[in-house]
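# Descriptive analysis of the structure
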Amino acid sequence: MASVQDKSKTNTAALPETLTASVAATELRPWGSFTVLEEGPQYKIKRIEVKPGHRLSLQMHHHRSEHWIVVSGTARVICDEKEQMVYSNQSTYVPQGTKHRLENPGVIPLVLIEVQNGEYLGEDDIIRFQDDYARSNNGNGK
């Protein structure tokens, strides 16, 4: 005869602090928006959305590298003097200390996941060389 298991005894142990969820806040920019999905020691993961026809500043970071994975849309990426198109399900790497720019040349929003790695990941580690929106070089977000 089959036995019936008591399912009322579930494991209610608390999750470790590193696994608990937090509500992500989206920050708006003239070119689109970004949302920090997760952050830990020496890494940060963002969801970035760039409006059609817009681009981020030509910039560089002293303390971090970035890996961009395109989720939807098309990205035009400038990394040093090299320009490349990156499509959905493709990725590219931006080494620390490299001038770079991200642009949406398409007609639909560009959505990508950015993985930052480095010793310091603050928004004030942005050196702007050129910016379509006349923002100062104050490190106030991409």
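Whatever comes next refers back to the structure up there.
Okay, so let's go over this structure.

The rules we used
As a convention, each chain's residues are numbered from 1 in the sequence order in which they are written. Side-chain atom pairs in this predicted model are given and counted only at pLDDT of 80 or more, local residue features only at pLDDT of at least 70, and totals for whole chains, interfaces and linings cover all residues. Side-chain metrics in this entry use all non-hydrogen atoms of the structure; hydrogen atoms and water are not considered. Secondary structure elements are defined from DSSP: runs of H or I of at least 4 residues count as helices, runs of E of at least 2 residues count as strands, and each element is numbered from the N terminus. Here the term buried applies to any residue with accessible area under 20% of the maximum for its type, exposed to any over 50%, and partly exposed to those in between, with areas from a 1.4 Å probe on protein chains only. Per-residue and other accessible areas follow the Shrake-Rupley method at a 1.4 Å probe size, with only the shown protein chains counted as cover for residues. The nonpolar core is taken to be a set of buried Ala, Val, Leu, Ile, Met, Phe, Trp, Tyr and Cys residues, with the residues joined through side-chain atoms within 4.5 Å. Every residue pair with non-hydrogen atoms within 4.5 Å of one another is taken to be in contact. Geometry of aromatic contacts follows a simple scheme: Phe, Tyr and Trp rings, the Trp one being its six-membered ring, pair when their centres are within 6.5 Å, and the pair is stacked under 30 degrees between planes, edge-to-face over 60, tilted otherwise. Should the NZ of a Lys or the CZ of an Arg lie within 6 Å of a ring centre and within 35 degrees of the ring normal, that charge is described as sitting over the ring. Two N or O atoms count as a polar contact when they lie within 3.5 Å, although within protein this holds only if one can serve as hydrogen donor and the other as acceptor, and sequence-adjacent residues are included solely when both atoms are side-chain atoms. By definition, two strands form a pair when at least two bridges between them are found by DSSP. Axes here refer to lines fitted to C-alpha atoms; in helices the fit is confined to the stretch in contact. Angles between the N-to-C directions go from 0 to 180 degrees.

### So, the overall build of the protein
- Summing up its helical and strand segments, the protein has zero helices and 11 strands in all.
- Of the regular secondary structure in the protein, the N- to C-terminal order runs β-β-β-β-β-β-β-β-β-β-β.
- Residues counted as buried form 37% of the 142 residues belonging to the protein.
- Summed over all atoms, the accessible surface of the protein reaches about 8700 Å², with 52% contributed by carbon and sulfur.

### Some details on unusual backbone geometry
- Unusually for a residue other than glycine, Asn 89 sits at a positive phi of about 70°.
- Tracing the backbone shows Asn 89 in the loop between strand S7 (82–87) and strand S8 (91–94).
- By relative accessible area, which is 70% here, Asn 89 ends up exposed.
- Non-glycine residue Ala 134 carries a positive phi angle of around 55°.
- Looking at where Ala 134 falls in the secondary structure, it is placed in the segment after strand S11 (127–130).

### Overview of the nonpolar core
- Ranked by internal contacts, the top residues of the largest apolar core, which has 15 residues, are Ile 48, Val 50, Ala 75, Leu 102 and Leu 110.
- Of all the elements in the fold, those that place two or more residues in this core are strand S3 (43–50), strand S5 (64–72), strand S6 (74–79) and strand S10 (110–118).
- Sort the elements by how many residues they give to this core and S6 lands first, with three residues.
- Residues in contact with Leu 110, not counting those within four places in the same chain, are Ile 48, Glu 49, Val 50, Val 70, Ser 72, Gly 73, Thr 74, Ala 75, Leu 102, Glu 103 and Asn 104.

### Looking at the packing of aromatic side chains
- Applying the stated criterion to the full structure yields zero aromatic pairs.
- Its guanidinium or amino end placed over the ring of Phe 129, Lys 99 lies 4.2 Å from that ring's centre, counting from NZ or CZ.

### Let's talk about the environment of Phe 34
- Along the chain, Phe 34 turns up in strand S2 (residues 32–40).
- Residue Phe 34 is classed as buried on the basis of its relative accessible area of 2%.
- Excluding anything up to four places from it in sequence, Phe 34 contacts Ala 25, Thr 26, Glu 27, Arg 29, Lys 46, Arg 47, Ile 48 and Glu 123.

### Remarks on the environment of Gly 118
- Looking at the secondary structure, you find Gly 118 in strand S10.
- Along the backbone, Gly 118 and Tyr 43 are 75 residues apart, and their C-alpha atoms lie at a distance of 6.5 Å.
- In this view, Gly 118 contacts Gln 42, His 63 and Arg 64; residues no more than four positions away in its chain are not counted.

### Re the side chain of His 100
- The topology assignment puts His 100 in strand S9 (residues 100–103).
- We classify His 100 as buried; its relative accessible area is 1%.
- Reaching out from His 100, the side chain makes a polar contact with the side chain of His 61 at a distance of 3.3 Å.
- A polar contact of 3.2 Å, which involves the side chain of His 100, links it to the side chain of Glu 66.
- Setting aside residues no more than four positions away along its own chain, His 100 makes contact with Ser 57, Leu 58, Gln 59, Met 60, His 61, Glu 66, Trp 68, Ile 78, Cys 79 and Val 94.

### With respect to the side chain of Ser 65
- For Ser 65, the location among the structural elements is in strand S5.
- Ser 65 has contacts with Tyr 93, Val 94, Pro 95, Gln 96, Val 115, Gln 116 and Asn 117, leaving out every residue within four places of it along the chain.

### Some words on the sheet that holds S2
- Across the sheet, which stays open at both edges, the six strands sit in the order S1-S2-S3-S10-S5-S8 with antiparallel pairing between neighbours. Two strands in the sheet have a free side with no partner beyond their single neighbour: strand S1 (26–29) and S8. Strand-to-strand, the axes of this sheet are offset by a mean angle of 20°, without reference to chain direction.
- When S3 meets S10, the two strands line up antiparallel, connected through eight bridges. Across the sheet, the residue bridging to Glu 49 is Val 111, located in S10.

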